[in-house]
Amino acid sequence: QVQLVESGGGLVQAGESLRLSCVASGSTFRSKVAGWYRQAPGSQREFVAYITSSGMTNYADSVKGRFTISRDNAKNTVYLQMNNLKTEDTAVYFCKLWGSPNDYWGQGTQVTVSS
């Protein structure tokens, strides 16, 4: 059983930065795709970014050029560096680990961006 624990959320002003971290338990992290989703109030959960075991990345258009996903397999951790934050980035951010047959999700961390 894999557990994911996110941290790093908070309240910032528009234009500022935050770095989210997600630590995974278990020994299979390095072989799995890891990523981030977010959910704003009243909205569906949406994809933000993912990174493969080999380091290939993909981003939602809304965050390209501002967010960077990375991973440290030695620490079982995936990161999301968020720069130039906008008010529309306000959401609960969830870490996800793609698995088989089930995916794994963290509990979420709140990011609030004020104008």
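Scroll up a little and you will see the structure.
Residues numbered from 1 in each chain as written. Predicted model: local features only at pLDDT ≥ 70, side-chain atom pairs only at ≥ 80, totals over all residues. Heavy atoms only, no water.

Caption draft 1: Spotlight on the overall build of the protein chain. What the protein chain contains, in helices and strands, is zero helices and 11 strands. Tracing the protein chain from N to C terminus, the helices and strands come up as β-β-β-β-β-β-β-β-β-β-β. A compact globule built from 115 residues would reach a C-alpha radius of gyration of about 13 Å, and the protein chain, at 13 Å, matches this within 12%. When its C-alpha atoms are laid out on the principal axes, the protein chain stretches across 40 × 25 × 20 Å. Among the 115 residues that make up the protein chain, the fraction classed as buried is 41%. Sequence-distant contacts in the protein chain: of pairs separated by 6 or more residues, those separated by 24 or more amount to 54%. (Helix = DSSP H or I, 4+ residues; strand = E, 2+ residues; numbered from the N terminus. Rg over C-alpha atoms; globule rule 2.2 N^0.38 Å. Buried < 20%, exposed > 50% of the residue type's maximum accessible area, 1.4 Å probe, protein only. Contact = heavy atoms within 4.5 Å.)

Caption draft 2: A look at the state of the cysteines. Across all of its chains, the model carries one disulfide by this definition. What pairs with C22 in a disulfide is C95, and their sulfur atoms sit 2.1 Å apart. Measuring the twist about the S-S bond at about -80°, one finds the C22-C95 disulfide to be left-handed. With a gap of 73 residues between them, C22 in strand 3 (residues 18–24) and C95 in strand 9 (residues 91–97) connect regions that are remote in the sequence. Like C95, C22 is buried. (Disulfide = S-S within 2.5 Å.)

Caption draft 3: Structural context of the pairing of strand 4 (residues 34–39). In terms of burial, strand 4 is a largely internal element, five of the six residues being buried. Direction of pairing for strand 4 relative to strand 5 (residues 46–51): antiparallel, over a ladder of five bridges. When the bridges of strand 5 are listed, R38 appears paired with E46. As paired elements, strand 4 and strand 9 share six bridges and run antiparallel to each other. In the strand pairing of strand 9, A34 is matched with L97. (Pairing = 2+ DSSP bridges.)

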